[in-house]
Amino acid sequence: MEARDSIRPAAPPCRRLARLAPLAAAALACALPGCVDAVTVEQPPPPAALGVDESRALTLEFLRFDARGFAKTLTLDELKAIPRPTLEGIWLLDLDIAALIENALLKVMYMPPAEIDALPPASKNLVGLLNMTPENADLRGTSLEGLLGVGNAVGLPTSKILADLVGAAGNERLIPVQITAQAVLENLVSTHPNTQRRRGPPNDEHPDGIYPVAPHAIPVTLYDVVTDFAGLAEQFGPAPLDPDDPGGAKHPGFIKAASGVKAALDDFTMTVRVDVNALPYKGVDATRADVASVNSTPGQIDTLFDFSEPDWLVLDNLAKNLSIGELTLAIPESATYLPGGTSREPAPRGDSPVWERPLWEFEHILARAGELRAARIEDHCASYGPQGTSTSDFQPVKVCVDDTGWTEISVDSSIVLEDPPPAPSYFWDILLEVAQARLHDGGLAEGEADLEVTLRDVPVGVKTEDLVASIKENLARDPAVLKEMAIELNDNAAGDADFYLYQPSTESGVAGQRDYLYFVAPDDIRKDAEGARVRDYAYESPGFFADGALTKKVSTTEEIDGDALHEKVEVKPGDTLYFADDEGRRYEIKIGDKPSAHRLSLTLTRIQ
């Protein structure tokens, strides 16, 4: 437990007025005829803490300043001044990066020759693999090399056999870029911990504050937007698979470096319209036996924004074509050679050890791409005879693939070959063997072919208007995401109250006819300039009780004016209540007379 500071809390710093808080100050400033000189007010010394059986009389006041439809425009610099934890807590959307991955692969495939020559050997080999067609497929060093002998024996180009096998034209890529992108998304991107879960405000459905991320997406926060995604490499680089075990197994990550992202232009602005009581609630800090101010925003979050109005949130000057100026993608390879399988069992993938390897390794991604490609190949057989002028019906070569992807190439025994045709296997086993051979061209040993390629000006593949629409829809669905920013912008807390006075509105909208004491909730704990809570919420028995032993609770979380968060109890002159502060001290509250409609007197006595 953190001990409370013994110094009287200062008023909210002036920098807050440059934002939205307090809203009352902004509104009153409009009414002033001109500027006035700053006045320095000497703060009186803090009162002494109460000893056991000591009492102090205090008076609380309930005031409202309702700002309706108040519009506040925040510049990029003002947003950047908000503490990082607050900005990171404002989730905007899960950004589908399927188009980004596909665009990145296309950038690799169509890389200019001069840039290809500058690539590391493994990355240079990757360019060739992505552009592999039946015509240019290099089968040297693989079991498919025997097809060359088959082709020579019957005068048939090997490319014809490969093209017929996959149902593609001779110059058509064996694995379309859409399939490769899908395999990369499934095996590499979607297995990263930070693409699987994100943090958000705890609620009944997500009490731990952990939310799932949409498939094939990365979570985007307001911090990402205002910092031009400065944390991409950190967020999606190497990371523990289990966040609770930082020393355990790690995901290698898929973004090694990223720069030149321009999400928010220099003149970017964010305008919000709010309906809010801008004044703080006055309460009691029992430890000091003094009056303190509680930020009024948390209890209003459900009514803060009018989502029926299209201009409740306006984002101006986002980049029209979101792209990444320079992006370095990385894919690790297995440290050992992984042969293709030779058996149908275990179904439906066979016995290749590749399926036991981590999903994000290049070989596993290749096998998955082959599996996806095989699903598009129709069950068929093709037979081939000697080419040329022969009119014979003799067709000694037969190639078959069934609807499971199992592939068989048979050659009549009358055909004499130096190397036998490849043994039956699944289509992805064939692809895996060829790809591993070509990945290590140039003398690369196993384990030396980790892939790393830097690309420039890669489009993210999302329109700005779609981005804004998704952001507004998501925030309207869960306004609690904006709670911390709203608190920051309307930062009117001072001190560390344990409870405060609240007067509900009547049917006519007038407050002051009923008095309630609200016990503080975790959201009421004020923050420091870096956005960290100044103390833990260490109350063992939050709420109000009818007895000093705190066994008969009289407060409830009944909803009043939309607030179902706080423990609350209605009080009248002569009532007696008991509670404990966050340091375990117990107190008695005796409600006194009401000096006026919006004021309440009480006597606080420490009993333990």
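Keep in mind it's a predicted model, so treat the numbers as computed, not measured.

**Student:** How would you sum up the state of the cysteines? Please name residues and give values.
**Tutor:** One pass over the structure, following the stated rule, counts one disulfide. Each sulfur of the disulfide joining Cys381 and Cys400 lies 2.0 Å from the other. As the torsion about the S-S bond is roughly 115°, the Cys381-Cys400 disulfide counts as right-handed. Taken together, the positions of Cys381 in strand E15 (residues 380-384) and Cys400 in strand E16 (residues 397-401) put the pair 19 residues apart, joining distant regions of the chain.

**Student:** Could you give me a rundown of the side chain of Thr297, with the residues and numbers involved?
**Tutor:** Looking at the secondary structure, you find Thr297 in the loop between strand E12 (290-294) and strand E13 (313-318). A polar atom in the side chain of Thr297 sits 2.7 Å from the side chain of Asn295. Residues contacting Thr297, with those up to four places away along its chain left out, are Leu304, Ala486, Ile487 and Asn490.

**Student:** Which residues make up unusual backbone geometry, and what values do they have?
**Tutor:** With an omega of -5°, the peptide bond between Glu345 and Pro346 qualifies as cis. By the secondary structure assignment, Pro346 is in the loop between strand E14 (321-331) and helix H13 (362-374). Residue Ala347 is joined to Pro348 through a cis peptide bond whose omega torsion reads 5°. Position of Pro348 relative to the elements: it lies in the loop between E14 and H13. For His216, which is not a glycine, the phi torsion comes out positive at approximately 60°. Considering the arrangement of structural elements, one finds His216 in the loop between strand E5 (210-212) and strand E6 (217-221).

**Student:** Quick one: what's the story with helix H8 (residues 158-166), residue by residue and with numbers?
**Tutor:** Here H8 lies mainly inside the structure; seven of its nine residues are buried. If you check which residues of H8 are buried, you get Thr158, Ser159, Ile161, Leu162, Ala163, Leu165 and Val166. Gly167, located one to two residues past H8, shows a positive phi value of around 70°.

**Student:** Any chance you could break down helix H15 (residues 464-477) for me, citing the residues and the numbers?
**Tutor:** Counted at 1.5 Å a residue, the expected span for H15 with its 14 residues is 20 Å, and the 20 Å between its end C-alpha atoms agrees. Listing the buried residues of H15 in full gives Thr464, Leu467, Val468, Ile471, Asn474 and Leu475. One side of H15 carries all its buried residues, which in axial view fall inside an arc of 135°. Facing away from the buried side of H15, by more than 90 degrees, are the exposed residues Glu465 and Arg477. Buried-residue contacts for H15 involve strand E3 (91-96), E13, E14 and strand E19 (451-463).

Cut-offs and rules
Residues numbered from 1 in each chain as written. Predicted model: local features only at pLDDT ≥ 70, side-chain atom pairs only at ≥ 80, totals over all residues. Heavy atoms only, no water. Disulfide = S-S within 2.5 Å. Helix = DSSP H or I, 4+ residues; strand = E, 2+ residues; numbered from the N terminus. Polar contact = N/O pair within 3.5 Å; in protein donor to acceptor, adjacent residues only side chain to side chain. Contact = heavy atoms within 4.5 Å. Buried < 20%, exposed > 50% of the residue type's maximum accessible area, 1.4 Å probe, protein only. Expected span 1.5 Å × (residues − 1). Arc of directions from axis to C-beta.

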